[in-house]
Amino acid sequence: MISKEELYRFCSTFVAERIARIQKNIEDIQTSLTSETKSSAGDKHETGRAMLQLEREKLGQQLAEAEKMKQVMSKVPKDGNTATVGLGSWVVTARADYFLAISAGEFKTRQKSVYCISAATPIAKLLFGKQIGDAVVFNGQDLKIVDIK
């Protein structure tokens, strides 16, 4: 049986690994920028440096997004069930289960799958504030809330 704590750990690990991967890529680019020496083909060298700078900027944006995800995870309540859907709710519907925290993909075991989704996703926006027994229409399908953990 899956616990809410496992879902929380799954999402936290997802963010930590993403941050570590991005930081490593930034370090690799920084190393390339500092170790690269100017060759006789000056234009080629400058183009290479510019491409590395662009890649570093893109990674910087990805790192900022990952840090935002980390901040969201720090706000997710680790315990306590609520009567209404909110951040940190594990929502069981007749069709699928959703953990409202960050977009970390599918947490899957042999018994069950739970989709870890961001509060900013369209389905999460529909679910927020709802209670057990309520239904929402998403992609033309009725989703009835069976349980909130």
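Residues numbered from 1 in each chain as written. Predicted model: local features only at pLDDT ≥ 70, side-chain atom pairs only at ≥ 80, totals over all residues. Heavy atoms only, no water.

An unreviewed UniProt entry lists the protein chain under the name 3-oxoacyl-ACP synthase, with Zobellia galactanivorans given as the organism.

### Remarks on unusual backbone geometry
Cut-off, in case you're wondering: Secondary structure is summarised from DSSP: a helix means a run of H or I of at least four residues, a strand means a run of E of at least two, and numbering begins at the N terminus for each. Only protein chains enter the accessibility calculation, which uses a 1.4 Å probe; a residue whose area is less than 20% of its type maximum is buried, one above 50% is exposed, and one in between is partly exposed.
Of note, the phi angle at Asn139 is positive, near 55°, even though the residue is not glycine. With respect to the element layout, Asn139 can be found in the loop between strand 5 (135-138) and strand 6 (141-148). Residue class for Asn139 comes out exposed when judged on its relative accessible area of 69%.

### Topic: the pattern of salt bridges
Worth spelling out the cut-off: Every case where a carboxyl oxygen of Asp or Glu lies within 4 Å of a side-chain nitrogen of Lys or Arg is listed as a salt bridge.
A full pass over the atoms with the stated rule returns 4 salt bridges. Here Glu5 makes a salt bridge to Arg9, at a shortest N to O gap of 2.8 Å. Of the two residues, Glu5 and Arg9 are both situated in helix 1 (residues 4-35); the distance of 4 residues between them amounts to about one turn of the helix. A salt bridge links Asp28 to Lys24, with the nearest nitrogen and oxygen atoms 3.1 Å apart. Taken together, the residues span about one helical turn, with Asp28 and Lys24 both in helix 1 at a distance of 4 residues. Looking at Asp28, the relative accessible area reads 37%, which means it is partly exposed. On the accessibility criterion, Lys24 (45% relative accessible area) is partly exposed.

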